[in-house]
Amino acid sequence: MGKLDAVDSNEVIEWIVQWQHESGGFSGNIGHDPHILYTLSAVQIIVLFDRLNALDAEKVSNCILHALCLDALLVGSLMLDRRTIMDEL
């Protein structure tokens, strides 16, 4: 806590942006598959270092929206009852 200046922020950000995939999502490390949780963590770290300019926000938001839409289709949403969705599948 309070030690962000103890690391080279440029080095950290350069490493993290290498995790991003064409889909816009981030993986846990270089060469791994992207996941919504890793994407959240990458965005949080980038925000902590106040480096949003290093982030392709449109790409990330499209990835998150895609994941949310898939989730709504597969397990339901706040607007639809899960049983109704499962009946439709």
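For the structure, see preceding data.
Note that the structure is a prediction, hence the values are computed from the model and not measured.

Draft legend 1. Fine view of the overall build of the protein chain. Of the regular secondary structure elements, the protein chain holds 4 helices and 0 strands. Element order for the protein chain, N to C, with α for helix and β for strand: α-α-α-α. A total of 89 residues make up the protein chain; the buried ones form 18% of that total. In the protein chain, of all internal contacts separated by at least 6 residues, the share reaching a separation of at least 24 is 42%. Entry remark: accessible area of the protein chain is about 6800 Å², with carbon and sulfur atoms responsible for 59%.

Draft legend 2. Fine view of the side chain of Thr39. Topologically, Thr39 is positioned in helix H2 (residues 36–48). With a relative accessible area of 1%, Thr39 lands in the buried category. Among the polar contacts listed, one links the side chain of Thr39 to the backbone nitrogen of Phe26, at a separation of 2.8 Å. Setting aside residues no more than four positions away along its own chain, Thr39 makes contact with Gly25, Phe26, Val60 and Ile64.

Draft legend 3. Focus on the packing of aromatic side chains. Going through the model one piece at a time under the given rule, you end up with 1 aromatic pair. Pairing Trp15 with Trp19 gives two aromatic rings, centres 4.8 Å apart and planes at 80°, and the pair type is edge-to-face. For Trp19, a relative accessible area of 8% gives the class buried.

Draft legend 4. The arrangement of the nonpolar core in detail. Among the nonpolar cores identified, the biggest contains 9 residues, and these are Ile13, Ile16, Trp19, Phe26, Ala42, Ile46, Phe49, Leu55 and Val60. Those elements that provide at least two residues to this core are helix H1 (9–17) and H2. Once residues within four sequence positions are removed from consideration, Ile13 is found in contact with Ile46, Phe49, Arg51 and Ala54.

Parameters at a glance
- Residues numbered from 1 in each chain as written.
- Predicted model: local features only at pLDDT ≥ 70, side-chain atom pairs only at ≥ 80, totals over all residues.
- Heavy atoms only, no water.
- Helix = DSSP H or I, 4+ residues; strand = E, 2+ residues; numbered from the N terminus.
- Buried < 20%, exposed > 50% of the residue type's maximum accessible area, 1.4 Å probe, protein only.
- Contact = heavy atoms within 4.5 Å.
- Areas by Shrake-Rupley, 256 points an atom, 1.4 Å probe, with all protein chains shown as cover.
- Polar contact = N/O pair within 3.5 Å; in protein donor to acceptor, adjacent residues only side chain to side chain.
- Phe/Tyr/Trp six-rings, centres within 6.5 Å; stacked < 30°, edge-to-face > 60°.
- Core = buried A, V, L, I, M, F, W, Y, C linked by side-chain atoms within 4.5 Å.

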